[in-house]
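This is what each chain is made of:
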Amino acid sequence: MTDRAFIAQLDGYGLTTAEICYYLPDHPSLLQLFAWQEYDAAPDFPVLFDFLDHWRREIEAEIQSVRIAHDKLIGPAEWRSVDEVISWKE
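Report follows, based on the coordinates.

What counts, and where the lines are drawn
Residues numbered from 1 in each chain as written. Predicted model: local features only at pLDDT ≥ 70, side-chain atom pairs only at ≥ 80, totals over all residues. Heavy atoms only, no water. Patch = residues over 30% accessible without salt bridge, like charges linked within 9 Å, V, L, I, M, F, W, Y side chains within 5 Å. Areas by Shrake-Rupley, 256 points an atom, 1.4 Å probe, with all protein chains shown as cover. Salt bridge = Lys/Arg side-chain N within 4 Å of Asp/Glu carboxyl O. Helix = DSSP H or I, 4+ residues; strand = E, 2+ residues; numbered from the N terminus. Buried < 20%, exposed > 50% of the residue type's maximum accessible area, 1.4 Å probe, protein only. Pairing = 2+ DSSP bridges. Expected span 1.5 Å × (residues − 1). Contact = heavy atoms within 4.5 Å.

**Considering a nonpolar patch on the surface**
Reasoning step 1: On the surface, Phe-6, Ile-7 and Leu-10 cluster together into a nonpolar patch covering about 270 Å² of accessible area.
Reasoning step 2: By secondary structure assignment, the location of Phe-6 is in helix α1 (residues 4-10).
Reasoning step 3: Using a relative accessible area of 40% as the deciding quantity, one classes Phe-6 as partly exposed.

Right, here's the structure in full:
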């Protein structure tokens, strides 16, 4: 069986991390953080926005800000030419 995350990456998804800063209505001066991580497609982030819609409907907490980091993990191999030879003498 193939890993779901690997299949998502082949479909163009990358690892997305969101830092959600929120407060509860009865404690508006106390900001709290929630870290969320899932495979999502930048720049539209449909999975993240579905989660945020769920949050707004079901959770009694007001979102103050959301910070997003995204990295596409699968890409072409990187290499560089080396113009030097290192000799090792013992």
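**Concerning the pairing of strand β1 (residues 14-24)**
Reasoning step 1: Two strands pair when backbone bridges link them, and β1 and strand β2 (residues 27-40) are joined in this way by 10 bridges, in the antiparallel orientation. Counterpart to Ala-18 in the pairing with β2 is Trp-36.

**Section: helix α2 (residues 46-58)**
Reasoning step 1: The terminal C-alpha atoms of α2, which comprises 13 residues, lie 18 Å apart, in line with the 18 Å expected from a rise of 1.5 Å per residue.
Reasoning step 2: Of the surrounding elements, those touching the buried residues of α2 are β1, β2 and β3 (62-71).

**So, the pattern of salt bridges**
Reasoning step 1: A complete count under the given rule lists 3 salt bridges for this structure.
Reasoning step 2: The partner of Arg-4 in a salt bridge is Glu-38, and the shortest N-O contact between them spans 3.1 Å. Placement of Arg-4 in helix α1 and of Glu-38 in strand β2 is noted, with a sequence separation of 34 residues between them.
Reasoning step 3: Here Glu-38 falls in the partly exposed class, since its relative accessible area comes to 23%.
Reasoning step 4: Note that Asp-53 and Arg-56 form a salt bridge whose closest N and O atoms lie 3.6 Å from each other. Here the residue Asp-53 and the residue Arg-56 both occupy positions in helix α2, the gap between them amounting to 3 residues, near one helical turn.
Reasoning step 5: You can call Asp-53 partly exposed: its relative accessible area is 37%.

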